[in-house]
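# Reading the structure
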Amino acid sequence: MIDFLVYLFTIIGIWGILALSLNVQFGFTGLVNLGHIVFFMLGAYVSAILVILAGMPFLVGVLGATVAAGLFGGLMALPTAQLQQDYWAISTLAAAEIVRIFFLNTTLGGPYIGASFGISGIPQPLRDAFASPAAYGWFYFAIVAVALAGSYFFVRWLTATPFGRALKAIREGDEVPLALGKDARSLRVRAMIVGGALGGLAGALFAHFNAYIAPNYFLPLETFIVWAMVILGGAGNHKGVLVGAVVIEALYNSTRFLAAHVGFIDPGTLASLRMIVIGLLITGVVMYMPRGLMPEPRRRYGARNAADGR
Amino acid sequence: MVGRRNRHRVRGARDDIRTPGIAVTQVLVDSLLRTAQVSLLSVGLTLVYSLLRFPNFAHVEFAVVGGYVALLFSATLGLPLLPSIVLAVLIAGACGVLMDRAVFARLRDTTPILMMIASFGLGIAMRATVRLAWGASPRSYGLGLQSPVHFLDATITPVQIWILVVAAASMLGFYLLLNFTRLGIAMRATADNAGLASSSGIYTERVIGTVWFLGAAFAGLGGVLIGLDTQLFPRMGFGIIIPVFAAAILGGIGNPYGAVAGALVIGLAENVGLAINWQPLLGLFGHTGGPAYIPTNWRAAIPFSILILVLLVRPQGLFGERKS
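Note that this is a predicted model, so its numbers are computed, not measured.

Cut-offs used in this document
- Residues numbered from 1 in each chain as written.
- Chains lettered and ligands numbered in written order.
- Predicted model: local features only at pLDDT ≥ 70, side-chain atom pairs only at ≥ 80, totals over all residues.
- Heavy atoms only, no water.
- Helix = DSSP H or I, 4+ residues; strand = E, 2+ residues; numbered from the N terminus.
- Rg over C-alpha atoms; globule rule 2.2 N^0.38 Å.
- Buried < 20%, exposed > 50% of the residue type's maximum accessible area, 1.4 Å probe, protein only.
- Contact = heavy atoms within 4.5 Å.
- Buried area = accessible area lost by both parts, 1.4 Å probe.
- Salt bridge = Lys/Arg side-chain N within 4 Å of Asp/Glu carboxyl O.
- Polar contact = N/O pair within 3.5 Å; in protein donor to acceptor, adjacent residues only side chain to side chain.
- Nonpolar A, V, L, I, M, F, W, Y, C, P; charged D, E, K, R; others polar.
- Axes fitted to C-alpha atoms, helices over the stretch in contact; angles between N-to-C directions.
- Parallel < 35°, antiparallel > 145°, perpendicular 65-115°, else oblique.
- Left-handed = near helix turned anticlockwise from the far one by under 90°.
- Core = buried A, V, L, I, M, F, W, Y, C linked by side-chain atoms within 4.5 Å.
- pLDDT = per-residue confidence, 0-100.
- Patch = residues over 30% accessible without salt bridge, like charges linked within 9 Å, V, L, I, M, F, W, Y side chains within 5 Å.
- Areas by Shrake-Rupley, 256 points an atom, 1.4 Å probe, with all protein chains shown as cover.
- Expected span 1.5 Å × (residues − 1).

### Focus: the overall build of chain B
Across its full length, chain B carries 15 helices and 2 strands. At 20 Å, chain B has a C-alpha radius of gyration in line with the 20 Å of a compact globule built from 324 residues. The principal-axis extents of the C-alpha atoms in chain B amount to approximately 65 × 55 × 35 Å. Within the span of chain B, comprising 324 residues, buried residues form 54% of the whole.

### Considerations on the interface of chain A and chain B
With 43 residues of chain A at the interface, the matching set in chain B holds 39 residues. Overall, the association of chain A and chain B removes approximately 3,500 Å² of surface from exposure, summing both partners, and the carbon and sulfur fraction of that is 82%. Counting the surface chain A buries against chain B, the share from its top three residues, Tyr 87, Ile 90 and Met 287 of chain A, is 17%. Scanning the region where chain A abuts chain B turns up 0 salt bridges. Our count for the contact surface shared by chain A and chain B stands at 3 residue pairs in polar contact (both at pLDDT 80 or more). Among the elements that make up the side of chain A that touches chain B, the one with the highest residue count is helix α11 (residues 267-288) of chain A (14 residues). By residue class, the composition of the side of chain A that touches chain B is 30 nonpolar, 11 polar and 2 charged.

### Notes on the packing of helix α1 (residues 2-28) of chain A against helix α5 (residues 133-160) of chain A
Residue and element names in this part refer to chain A. Contact pair α1 / α5: the axes reach a minimum separation of 9 Å and the direction vectors enclose 20°. Looking at the two axes, α1 sits roughly parallel to α5. The hand of the α1/α5 crossing is left-handed. Contacts between α1 and α5 involve Ile 2, Asp 3, Val 6, Phe 9, Thr 10, Gly 13, Ile 14, Gly 16, Ile 17, Leu 20, Val 24 and Phe 28 on the former and, on the latter, Ala 134, Gly 137, Trp 138, Tyr 140, Phe 141, Val 144, Ala 147, Leu 148, Ser 151, Tyr 152, Val 155 and Thr 159.

### Here's the deal with the nonpolar core
Ranked by internal contacts, the top residues of the largest apolar core, which has 195 residues, are Trp 15 and Ile 213 of chain A together with Phe 104 of chain B. In contact with Trp 15 of chain A, other than residues within four places in its own chain, are Ile 37, Phe 40, Glu 222, Ile 225, Val 226, Met 229 and Glu 249 of chain A.

### Focus on the confidence of the model for chain B
Residue and element names in this part refer to chain B. In this model, chain B carries an average pLDDT of 84, and 90% of its residues clear a pLDDT of 70 or more. Put simply, helix α1 (residues 2-11) is where chain B has its lowest mean pLDDT, 40, and helix α5 (residues 81-102) is where it has its highest, 95. Segment residues 1-21 is flagged for pLDDT under 50; beyond a separation of four residues in sequence, or across chains, it makes 38 contacts in the model. If you check the scores for this complex, the pTM reads 0.86 and the ipTM reads 0.82.

### Quick notes on the pattern of salt bridges
Residues and elements named next belong to chain A. Across all of its chains, the model carries 10 salt bridges over all chains by this definition. The closest approach of N and O atoms between Arg 100 and Glu 97, which form a salt bridge, is 2.8 Å. Here the residue Arg 100 and the residue Glu 97 both occupy positions in helix α4 (residues 85-104), the gap between them amounting to 3 residues, near one helical turn. Across the salt bridge formed by Glu 296 and Lys 168, the nearest N and O atoms sit 3.0 Å from each other. Of this pair, Glu 296 sits in the segment after α11 while Lys 168 sits in helix α6 (residues 162-171); the two residues are 128 residues apart in sequence, bridging distant segments of the chain.

### With respect to a nonpolar patch on the surface
Residue and element names in this part refer to chain A. There is a patch of nonpolar side chains on the surface, built from Met 1, Ile 2, Leu 5, Phe 9, Trp 138, Phe 257 and Leu 258 and spanning about 670 Å² of accessible area. Every element with two or more residues in the nonpolar patch is listed here: α1 and α10 (238-261). Looking at the nonpolar patch element by element, the count peaks at 3 residues for α1. Within the fold, Phe 257 resides in helix α10.

### Focus: the packing of α11 of chain A against helix α6 (residues 112-134) of chain B
For the pair α11 of chain A and α6 of chain B, interaxial distance at closest approach is 8 Å and the crossing angle is 160°. With respect to α6 of chain B, the axis of α11 of chain A lies roughly antiparallel. Considering only the axes of α11 of chain A and α6 of chain B, their crossing is left-handed. Along its contact with α11 of chain A, which presents Gly 268, Thr 269, Ala 271, Ser 272, Leu 273, Met 275, Ile 276, Gly 279, Leu 280, Ile 282, Thr 283 and Val 286 of chain A, the element α6 of chain B presents Leu 114, Ile 117, Ala 118, Gly 121, Leu 122, Ile 124, Ala 125, Ala 128, Thr 129, Arg 131 and Leu 132 of chain B. When the residues that make up the contact of α11 of chain A with α6 of chain B are grouped by side-chain class, the tally is 15 nonpolar, 7 polar and 1 charged.

### A few points about the side chain of Thr 10 of chain A
Residue and element names in this part refer to chain A. Along the chain, the position of Thr 10 falls in helix α1. Among the polar contacts made by the side chain of Thr 10, one reaches the main-chain carbonyl oxygen of Val 6 at a distance of 2.6 Å. If we ignore the near neighbours within four places in the chain, the residues touching Thr 10 are Gly 137, Tyr 140, Phe 141, Val 144 and Phe 209.

### As for helix α2 (residues 37-53) of chain A
Residue and element names in this part refer to chain A. Here α2 contains 17 residues, and its C-alpha end-to-end distance of 23 Å stays within 8% of the 24 Å for a straight helix at 1.5 Å per residue. Burial within α2 is extensive, with 13 of its 17 residues counted as buried. Backbone geometry just downstream of α2 places Gly 55 in the positive-phi region, at approximately 70°.

In C-alpha cells:
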C-alpha cells in the first residue's frame, strides 16, 4: 500500500510538472495546445537516447531533454503563431502525431530498439546505491519532488514578471498588447518554449522512472489527461492545476488499485469506466464551473494589497 | 492503427500497386473509397462549425455510434443489414441532437475554446462507453468473403461499390436539400448571420437542431461504411479525426462543398502519395538506388502533413475567401 502511494505520488509529481507547463501555455497565454504530449514524448526520447546511446549521465540527459523540447516548442509555434485559435489547436494535434509516427517508424541504434519496440532498460540514476526497490522508490520520489518544487517556483516567478503579465494580456486578445507595443507573436513563441521545456523535463523524469518508453505511451489521449488536470484545477492558477493533477491521476490510477479489491468487475471494464468518468467530469466542469476548482485569482484594482493573490 | 493494417489486407491489391506497372485505376478506386468515408464525416463537422463556430472533437464518435448500433441490430438482434443501417443512422442523428440539447445548448454564450474542450471530454466518454459495451477488439458485420469484381485493372468488391454509391447519393441528396428546400435556405441563412436569420423569422434553434441531426447522421452512415469496408473498433473515430479535420479545413471550414472536395484531396493524397515512385525527385538531391516509395507505415503522416501545410499557406482553405 505504501509502495503504491509512493508510486502514485511520483507519477502525480511528473504529471504535475506537465500540467504546470500546459498552464503556462493555456492558462496564461490562452494557447489551445492539443499536442502537448509531444514535449513529454520528446523529453523522454531525447533523454533516453542521450543516456543509453550516447552514454551521457542522467543530468545531461534531463537537461538535453528540457532544451530539445523547448526548442521544439519554439519551432512548432514559429510558423503557426498567427493562426486562429481553433486552427492552431488542430495544427498542434497534427504536429504531435507526426512526431509520434516518426518515432513509431524509426529504429534507433539497432533493429530492436526504437520503433514500436520502444526503448527498454533506461538507466535509473543511482539505482545501485539502493538495496530494495522500495527504498529506491522513495529516492526517485524525492528527485521528482525537487523538480516539481523547482518548476512550481519557476512558473510562479515567471508569471509574476512583466513578461508574465504580457502573456496574460495576449490571452485576452491581441489588440491591447499590440497597442502597447508588445509583439504578440514573439510572446506566443516564448510561451511555447517555456511550456515545452518544462514538458520535456517531465518526459525525461518519466523515462528514467519507468525505465521503458514506447510510442503508444504518447497517444493524443494523454494530452487530454493533462488538459483535464488544468481545466479541473483551474486554468491560470498554479496551485489549482496541481490539485487537478492529484485528482485526475488518482482517478486514472485507481483502477490498478481497485481491480485487486473489486473482484466482480474485470480490468477492461474498469478502464473504460474510469475514462467515462474523466470525460464526463471535464464536460461537467466546463458546463457548471468553467473556472475550475481553484479559480484564477482576479486582481482587483483599487483594493489594498491587491497584488498578493498568487 | 489496427484498422489501417487490416484495410490493406482486405483490399488485397496493395501489393500489386508496388509492382512496376502501377494500376492507376486501383489507386483511384482506393482514393474514392477513402473520400467517401472521410467526406461523410467532414460535412457534418463543417456544418456544425458553420453555425456554432467551434470544432466538435466528438463529431467523429458519431461514426463509432452508427457503426456499432448497426452491429447491435444486425448481428445481435438478428435484423437484416439494411434496416439495421437505417436505424443506426437515425439513432446516430438523435445522439447528435441529444448532445446539443444536453451540453452545447447550454454553452452557446461561452467561448469556442470551452465548447471545444467539452467536446473533447464528451468524445472520450463516448469512445469509452462503446468500448465498455462491445470491448476493444475489432468487430465486423460478418458479410463473409466478398468475391471481387475486376474492372479496368482494379479490384473492387460489391460492398465497396455500394459504399461509393451510397456516399455519392448522400452527397447529392444533401446538395439538393441545401439548395432547393426551405430548410436548406434557412440553414444557409443561419450560418451566414444567425442574428439576421432570427429576426427574419427563422427559428434558429430548430435549424441548429436539424443541422446536428444531419451532421451526426451522416457521420453515423460514414461509420457504417467504414465498418463495411474494414472493421469496427472503438478508436476508429479518433483514428480518422485528422483526415476529417484536414478535409474540412482544406475546403474552408464552414463550407460543405469544400469539405467534400477536401476529402477528395485527402483520399487522393494518401493513396497517390504511396503509389508514386519518388526516385526522380530524390534523384535531384543526389539520391541513388532503386525506386523510392513512401513506406505504408508512414501513410498516416500524409494527412497530418497536408493539414499543417494548408494551415501555413492558406488557412482560409483552398476554396475559402479570407474573412477579415
